Amino acid sequence: MITLQSVSKLYVSGRGHIQALSEISFTAEEGQGIILVGRSGSGKTTLLNCIGTLEIPDSGAIFYNGTDICRLSLRRRTLFRRREMGFVFQAANLLPWLTVAENLQFPLELNGIRGKAQRGRIEELLGTFGLAGYEKALPVELSGGESQRIAFARAIAHAPAILLADEPTASLDTSTGKQLVELMITLCRTKGTTLFIATHDLELLAMADRVVTLKDGKMEQRT
Ligand SMILES: Nc1ncnc2c1ncn2[C@@H]1O[C@H](COP(=O)(O)OP(=O)(O)OP(=O)(O)O)[C@@H](O)[C@H]1O
Ligand SMILES: [Mg+2]
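Notes on the structure follow. Computed from a predicted structure; not experimentally measured.

**Thoughts on the pattern of salt bridges**
Part 1: Applying the stated rule across the entire model yields 7 salt bridges.
Part 2: Residues Lys178 and Glu203 are paired through a salt bridge, measuring 3.1 Å at the closest nitrogen-oxygen approach. One end of the pair, Lys178, is in helix H6 (residues 174-191); the other, Glu203, is in the loop between strand E8 (194-198) and strand E9 (210-215), and 25 residues separate them in sequence.
Part 3: Its relative accessible area of 32% is what places Lys178 among the partly exposed residues.
Part 4: Overall, Glu203 belongs to the partly exposed group, its relative accessible area being 44%.
Part 5: Here the residues in one salt-bridge network are Arg121, Glu124 and Lys191, joined through shared partners.

What follows is the structure in structure tokens.
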């Protein structure tokens with residue numbers, strides 16, 4: 001369970017003071033798929049970055065299983081991200097000089113999953129994402145949809161508790177994007193992974209367990 005309590009974040013830049021997040025509070029349960037929507041600049045990425053401990057809120061707290069993850073030391077935060085978090089971005093960000101299997105190896109190696117267990121996990125992931133037999137393919141040989149499926153597979157390879165996806169369908173056509181999000185929501189529900197997806201695509205909202213709408217850094221409504 002993740003609980004956000006009055007999370008606020010202010011940016012001070014050349015443009016002046018920007019209240020990117022203002023008193024955001026909600027709870028997300030294990031296995032829930034939460035979709036964050038709101039216009040450009042409404043604070044979606046900032047919120048994902050705070051949950052992912054890439055940014056620290058100015059005030060408020062984010063509790064994960066009773067621990068305020070905003071107060072962890074730098075080292076603990078790094079370990080927390082490595083073990084408990086998965087990240088997906090707008091571009092798949094696969095390492096182009098490595099094969100699909102080698103890209104999937106990364107999070108597994110970092111979490112000490114090696115040898116037979118690693119090979120088994122990679123095979124299982126490729127099967128789940130409909131990409132069996134792609135082990136030796138290079139990212140350049142994949143379509144956009146396939147690349148993004150590998151990016152999702154890589155993000156959940158180590159079975160994280162929380163998966164954060166920032167506009168993962170932005171570079172895909174509508175139906176490919178929808179299929180991908182459907183697969184992720186179903187998969188995360190089965191595995192008990194809490195999934196946060198920021199998107200502009202209103203067609204995805206119906207699939208969410210919960211929609212969080214942001215407007216100028218504030219939460220607009222709860223559904
Ligand atoms: N590092 C930063 N320094 C200063 N201002 C920032 C920084 N990061 C974000 N902002 C500002 O904070 C606000 C929220 O930005 P954020 O990236 O979270 O929006 P978003 O909802 O993800 O937008 P988009 O849909 O365009 O991705 C914006 O006004 C943005 O310009
Ligand atoms: Mg954004």
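Next comes the rest of the write-up.
**A word on the site of ligand 1**
Part 1: Near ligand 1 there are 15 residues, and of these Arg15, Ser40, Gly41, Lys44 and Thr46 occur at the shortest range.
Part 2: Taking His200, its side chain carries an N or O atom lying 2.8 Å from an oxygen atom of ligand 1.
Part 3: Burial of ligand 1 by the protein amounts to 69% of the accessible area it has alone, namely 630 Å².
Part 4: Assessed atom by atom at 2 Å from the grid points, ligand 1 resides in the second largest pocket.
Part 5: Sorting the residues of the shell around ligand 1 by element identifies strand E1 (2-13), strand E2 (16-28) and helix H1 (44-51) as the ones contributing at least two each.
Part 6: Its residues assigned to classes, the shell around ligand 1 shows 3 nonpolar, 8 polar and 4 charged.

**Quick look at the nonpolar core**
Part 1: Counting residues in hydrophobic clusters, the biggest one holds 38 residues, and the most contacted among them are Phe129, Ile150, Phe152, Leu163 and Met184.
Part 2: Of all elements in the fold, only strand E3 (33-37), helix H3 (100-110), helix H4 (115-128), helix H5 (144-156), strand E7 (162-166), H6 and E8 reach the threshold of two or more residues within this core.
Part 3: Those residues within four positions of Phe152 in sequence are excluded, and the remaining contacts are Val88, Phe129, Leu163, Ala165, Pro168, Leu180 and Met184.
Part 4: Core analysis: the second largest hydrophobic core is formed by 27 residues, Phe26, Cys70, Ala161 and Val212 among them.

About the thresholds
Residues numbered from 1 in each chain as written. Chains lettered and ligands numbered in written order. Predicted model: local features only at pLDDT ≥ 70, side-chain atom pairs only at ≥ 80, totals over all residues. Heavy atoms only, no water. Salt bridge = Lys/Arg side-chain N within 4 Å of Asp/Glu carboxyl O. Helix = DSSP H or I, 4+ residues; strand = E, 2+ residues; numbered from the N terminus. Buried < 20%, exposed > 50% of the residue type's maximum accessible area, 1.4 Å probe, protein only. Near = heavy atom within 4 Å. Polar contact = N/O pair within 3.5 Å; in protein donor to acceptor, adjacent residues only side chain to side chain. Areas by Shrake-Rupley, 256 points an atom, 1.4 Å probe, with all protein chains shown as cover. 1 Å grid on protein atoms, 1.4 Å probe; cavity = no way out; pocket = protein on both sides within 12 Å on 5 of 7 lines; lining within 4 Å. Sits in = over half its atoms within 2 Å of the grid points. Nonpolar A, V, L, I, M, F, W, Y, C, P; charged D, E, K, R; others polar. Core = buried A, V, L, I, M, F, W, Y, C linked by side-chain atoms within 4.5 Å. Contact = heavy atoms within 4.5 Å.

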